[in-house]
Amino acid sequence: MTPHCSSLVRVPVWSARHSLHLHSKVIQMAVLNSVMRAFAVEALPTPADLLALHPCPADLATRIDQHRQQVRQILSGDDDRLLVVIGPCSIHDPLAALDYARRLAVLAHDYRDRLQIVMRTYFEKPRTTVGWKGLVFDPHLDGSNDIGHGLQLARQLLLDINRLGLATATEFLDTTSFLYLADLISWGAIGARTTESQVHRQLASALPCPIGFKNGTDGNIRVAIDAIQASEASHLFTAPGSQGGMVVIKSEGNPAGHIILRGGTRPNYHQSDVEEAAERLARQGLTPRLMVDCSHGNSQKLHKNQIRVAGELCRQLGEGSDTIAAVMVESFLQGGSQKPAPLTELVYGQSVTDACLCWDDTQTLLAMLAEAVETRRLHPGRAQPDTARWHAQLAS
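Residues numbered from 1 in each chain as written. Predicted model: local features only at pLDDT ≥ 70, side-chain atom pairs only at ≥ 80, totals over all residues. Heavy atoms only, no water.

Trainee: Is there a simple way to think about the layout of surface pockets in this case?
Mentor: Over the atoms, a rolling probe the size of a water molecule traces out where space has been left empty. Taken as a whole, the second largest pocket spans an internal volume of roughly 510 Å³. Along the wall of the second largest pocket there are 28 residues; nearest its centre are Lys125, Arg193, His296, Lys301 and Asp354. (1 Å grid on protein atoms, 1.4 Å probe; cavity = no way out; pocket = protein on both sides within 12 Å on 5 of 7 lines; lining within 4 Å. Points joined across faces, edges and corners; volume = space filled by probe spheres on them.)

Rendered as structure tokens:
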């Protein structure tokens, strides 16, 4: 048995038996060139090395476990608060991200009895063709691709945000970087472009946090439902170990997979769309509760439309909908977006990928959602929440 960080993947791990051992750099490069049209650019620290450099203290690890459990309870319906995953489309400036996090932490505390607020901390961006791939891959936004520095920045920022008492969320895109960051994440997403990927479904089955699967870019929700079922199962697959070598792992399966309605060729946040998705989930024996993304296809890529989408979701919540368990929103300090460039050339606190709501609109939207949860609780025939249990959990 090889030591492995259980907070990163929920699996037992077996070492691959080394029938071959590469003793020299020349042999390593020859093997690399024989299987890939590529060349090595830089050596990275092992996950174990980076976690030792930026460790997660025991009290913080306990708090992250509590956040994950609260998210699971919301998704299962045991907690009637609304999960809200909100924040920048992508992280490009750690200082601006921390500024945003400090403000969001105040609202998370104010609305804690109605909303479970989790901050988007997306460090990798899927591209339709090419473009800036995110802080991990190009932290200087200049094409220098200093990945080692990007991983350190990402991990340090996650630690800083979690120390504020604010849970963090990310999209799991790259199939190796999760080893450096997943112990600090309370909720994760598999994106519209990778929901059908067997590799990502296997990864989701091993991750320690609840995972949302987006519907396809064309609006197809079947692929997300299939992904939930696949990730619930145990899988045997290979992955890099925490010490750097390859290992064979057997995942436990992830019981907290759920669908994210993000729109496609048309929006899918209306009541008929939500009810249809719930019915299809129920027919497959899955919990008919889901997340709705206010951005992307649902906003038709117009960031201000997120307020309108949220307004419709608030209407459904106020009428007693139990299907909507969670909402996703893209917001930052400044509204809109700008093209990626070195930090000194950028507007502070404005997205360099998808356009986001400004901070004032963010406050408005969160107030709307909190009020809608309160209205849903007053809906005739609805069981009243066990607020004493919540306050005990939040206090702990």
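Trainee: How should I be thinking about the packing of aromatic side chains in this particular structure?
Mentor: For any two aromatic rings, the description comes down to two numbers: the centre-to-centre distance and the angle of the planes. Taken as a whole and assessed by the stated rule, the structure comprises two aromatic pairs. Note on tyrosine 100 and tryptophan 359: the rings are 5.4 Å apart at their centroids and 80° apart in plane angle, and the pair reads as edge-to-face. Of this pair, tyrosine 100 sits in helix H4 (residues 94-110) while tryptophan 359 sits in helix H11 (residues 359-377), and the two are 259 residues apart along the sequence. Assigned by exposure class, tyrosine 100 and tryptophan 359 land together as buried. The structure contains a cluster of three or more aromatic residues connected by ring pairs, namely Tyr100, Phe332 and Trp359. A cation over an aromatic ring shows up here: arginine 120 above the ring of tyrosine 122, its NZ or CZ 3.7 Å from the ring centre. (Phe/Tyr/Trp six-rings, centres within 6.5 Å; stacked < 30°, edge-to-face > 60°. Helix = DSSP H or I, 4+ residues; strand = E, 2+ residues; numbered from the N terminus. Buried < 20%, exposed > 50% of the residue type's maximum accessible area, 1.4 Å probe, protein only. Lys NZ or Arg CZ within 6 Å of the ring centre and 35° of its normal.)

Trainee: Where do I start with the pattern of salt bridges in this structure?
Mentor: Any two side chains of opposite charge can pair if their charged atoms end up close together. Following the criterion strictly, the structure yields 16 salt bridges and no others. Here arginine 222 and aspartate 226 are joined by a salt bridge, their closest N and O atoms 2.8 Å apart. One end of the pair, arginine 222, and the other, aspartate 226, are both in helix H8 (residues 222-232), four residues apart, so they sit about a helical turn from each other. The residue arginine 280 makes a salt bridge to glutamate 276 at a minimum N-O spacing of 3.8 Å. One end of the pair, arginine 280, and the other, glutamate 276, are both in helix H9 (residues 271-283), four residues apart, so they sit about a helical turn from each other. Where salt bridges share partners, they join Asp80, Glu374 and Arg377 into one cluster. (Salt bridge = Lys/Arg side-chain N within 4 Å of Asp/Glu carboxyl O.)

Trainee: Just checking my understanding: could you explain empty space enclosed by the protein for this structure?
Mentor: Under the counting rule described, the total for this entry stands at one cavity of 30 Å³ or more. Taken together, Phe123, Glu124, Leu158, Thr170, Glu171, Phe172, Leu173, Asp174, Ser177, Phe178, Leu181 and Ile185 make up the lining of the largest cavity. At the level of elements, strand E4 (167-171) and helix H6 (178-181) are the ones that each hand at least two residues to the lining of the largest cavity. When the residues that make up the lining of the largest cavity are grouped by side-chain class, the tally is seven nonpolar, two polar and three charged. (Nonpolar A, V, L, I, M, F, W, Y, C, P; charged D, E, K, R; others polar.)

Trainee: How do you make sense of the nonpolar core when you look at a structure like this?
Mentor: Burial of nonpolar side chains together is a common tendency in soluble globular proteins. Core analysis: the biggest nonpolar cluster contains 79 residues, and Leu115, Ile117 and Phe172 have the highest contact counts within it. Ranked by residue count, the leading element in this core is H4, at eight residues. Residues contacting isoleucine 117, with those up to four places away along its chain left out, are Val84, Ile86, Leu104, Leu107, Ala108, Tyr111, Leu166, Ala167 and Leu366. Core analysis: the next-biggest nonpolar cluster, separate from the first, contains 16 residues, Val118, Trp187, Ala326 and Met328 among them. (Core = buried A, V, L, I, M, F, W, Y, C linked by side-chain atoms within 4.5 Å. Contact = heavy atoms within 4.5 Å.)

Trainee: What am I meant to see in the sheet that holds strand E10 (residues 290-293) here?
Mentor: What holds strands together in a sheet is hydrogen bonding between their backbones, with the strands either parallel or antiparallel. Spatial strand order, E2-E3-E4-E5-E6-E9-E10-E11: eight strands in a closed barrel with parallel pairing. Averaged over all neighbouring strand pairs, the angle between strand axes comes to 30°, with direction disregarded. Here E10 pairs with strand E11 (residues 324-330) via four bridges, running parallel. Each residue of the ladder has a partner; that of aspartate 293, found in E11, is methionine 328. Strand contacts of H4: strand E2 (82-87) and strand E3 (115-120), with the helix running at about 175° to E3, the strand carrying the most contacts. (Pairing = 2+ DSSP bridges. Axes fitted to C-alpha atoms, helices over the stretch in contact; angles between N-to-C directions.)

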